[in-house]
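Descriptive analysis of the structure
Next come the chains, spelled out residue by residue.
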Amino acid sequence: MDISALAQDDYTVEVPFMEDAFVTLRYVSREELLAVYRKARTVFIDQDRRKAEEYDPIQADVILGRAAVRGWRGITMEGRD
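Residues numbered from 1 in each chain as written. Predicted model: local features only at pLDDT ≥ 70, side-chain atom pairs only at ≥ 80, totals over all residues. Heavy atoms only, no water.

Turning next to the sheet that holds strand S5 (residues 69–73). Pairing within the open sheet is antiparallel, and its 3 strands lie in the order S1-S2-S5. Where the open sheet ends on each side, the last strands, each with one partner, are strand S1 (12–16) and S5. In this sheet, adjacent strand axes meet at a mean angle of 20° when their direction is disregarded. Pairing analysis gives 5 bridges linking S1 to strand S2 (residues 22–26), with the strands arranged antiparallel. (Pairing = 2+ DSSP bridges. Helix = DSSP H or I, 4+ residues; strand = E, 2+ residues; numbered from the N terminus. Axes fitted to C-alpha atoms, helices over the stretch in contact; angles between N-to-C directions.)

The next subject is the pattern of salt bridges. Scanning the model with the defined rule gives 5 salt bridges in all. As a salt-bridge pair, Glu 32 and Arg 26 come within 2.5 Å of each other at their nearest N and O atoms. The salt bridge partner of Asp 48 is Arg 50, with a shortest N-O separation of 3.0 Å. Salt bridges here are not isolated pairs; linked through shared partners, they connect Asp 46, Asp 48 and Arg 50. (Salt bridge = Lys/Arg side-chain N within 4 Å of Asp/Glu carboxyl O.)

Relative to the assigned elements, Ala 35 resides in helix H1 (residues 30–39). Residue Ala 35 is classed as partly exposed on the basis of its relative accessible area of 22%. Residues Ala 35 and Leu 64, spaced 29 residues apart in sequence, show a C-alpha to C-alpha distance of 9.7 Å. (Buried < 20%, exposed > 50% of the residue type's maximum accessible area, 1.4 Å probe, protein only.)

Shown next as C-alpha cells:
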C-alpha cells in the first residue's frame, strides 16, 4: 500500500456512506488532531485552587467534523442537498 499521498497538504478521498451516498473526507494530521483536543478543553482553577481541565467530546467531534468533511453527494434533507 502506497501511502505517499498522505504527505500532501490536502489529501481527500470519497467514501461510500449508506446506499447511493458518498462523503468526501480530508486527511487530518496528528498536529490538527492535537489542536482539536486543545480547542475542546477548558482549563480552570478549581475550588481548591488547583489547575483542572474539562474535555468536551461533543465539541471535539464538531471541530473534527468541520476539519475532515469536505462535501457529500446523494445526501438530502427534505429534498435539499
